[in-house]
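# Topology and contacts: notes
For reference, the chains in residue letters:
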Amino acid sequence: MRRELARVRWWRRLVQARRDLAVAFLTQPESSSPVLDLSWEALAAGAPTSAELAAAVWPDATTFAASNLDELDALDGRLEAYEARVAVTLDNVTAQMVRALAHVHRMESGKES
């Protein structure tokens, strides 16, 4: 159960990171003025551009649309529900194991006295 819980949490982090990338791609700033663009260029000299970053972490970013956010949210919702079920199952199994071990310990302690 712990391994499955770790796996589903890993997938949720990936889905959430993918969603963050989608939002960043969809909200990239447009060029507002030549003066502002020059200021940003001076500030960001040597830094990778948004286009370079998007190409590096998301090679097919040009095909992304706002509707994909709904798909990612739905996927994360399903993962969240599954994570909750796995966590409850892990808690139940752990509680049962603790009760069983306590019972064995009580039985062994009773035999020794």
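Higher on the page you've got the structure.
Residues numbered from 1 in each chain as written. Predicted model: local features only at pLDDT ≥ 70, side-chain atom pairs only at ≥ 80, totals over all residues. Heavy atoms only, no water.

### So, the environment of aspartate 91
Note the cut-off: Secondary structure is summarised from DSSP: a helix means a run of H or I of at least four residues, a strand means a run of E of at least two, and numbering begins at the N terminus for each. Throughout this description, buried means an accessible area under 20% of the type-specific maximum (1.4 Å probe, protein chains only), exposed means over 50%, and partly exposed covers the range between.
Residue position: aspartate 91 is located in helix H4 (residues 67-112). Overall, the relative accessible area of 54% leaves aspartate 91 in the exposed class. As for aspartate 91 and arginine 2, which are separated by 89 residues in sequence, their C-alpha atoms are 9.9 Å apart.

### Let's talk about the pattern of salt bridges
To be explicit about the condition: For this analysis, a salt bridge means a side-chain nitrogen from Lys or Arg found within 4 Å of a carboxyl oxygen belonging to Asp or Glu.
Inspection of every chain in the model, using the stated rule, returns 5 salt bridges. One salt bridge connects aspartate 76 with arginine 12, and the closest N-O pair in it is separated by 2.9 Å. Taken together, the residues span a long stretch of sequence, with aspartate 76 in helix H4 and arginine 12 in helix H1 (residues 2-26) at a distance of 64 residues. Overlapping salt bridges, with partners in common, bring together Arg9, Arg12, Asp76 and Glu83 in one network.

### Quick notes on the side chain of glutamate 4
For the record, the criterion: A contact between two residues is defined here by any heavy atoms of the two lying within 4.5 Å.
Looking at the secondary structure, you find glutamate 4 in helix H1. Other than its neighbours up to four places away in sequence, glutamate 4 contacts Tyr82 and Val86.

### Considering H1
In plain terms, the rule: The span expected for a helix works out to 1.5 Å for each residue beyond the first.
Here H1 contains 25 residues, and its C-alpha end-to-end distance of 36 Å stays within 8% of the 36 Å for a straight helix at 1.5 Å per residue. Listing the buried residues of H1 in full gives Glu4, Leu5, Val8, Arg12, Val15 and Ala22.

### Looking at the packing of aromatic side chains
Heads up, the rule is: Between 30 and 60 degrees the pair is tilted, below 30 it is stacked and above 60 it is edge-to-face, where a pair is any two Phe, Tyr or Trp rings, Trp via its six-membered ring, whose centres lie within 6.5 Å.
Enumeration according to the criterion identifies 1 aromatic pair in this entry. On the basis of an interplanar angle of 70° and a centroid distance of 4.8 Å, the ring pair of tryptophan 10 and tryptophan 11 is categorised as edge-to-face. Look at tryptophan 10 and you get partly exposed, because its relative accessible area is 41%.

### Side note on the nonpolar core
Rule in force here: Buried residues of nine kinds, namely Ala, Val, Leu, Ile, Met, Phe, Trp, Tyr and Cys, make up a nonpolar core once their side-chain atoms join them within 4.5 Å.
Judged by nonpolar contacts, Leu5, Val8, Val15, Ala22, Phe64, Leu69, Leu72, Leu79, Val86 and Leu90 together constitute the single largest core of 10 residues. Mapped onto this core, the elements with two or more residues apiece are H1 and H4.

### What to know about the side chain of glutamate 83
Residue position: glutamate 83 is located in helix H4. The residues contacting glutamate 83, other than those within four sequence positions of it, are Leu5, Val8, Arg9 and Arg12.

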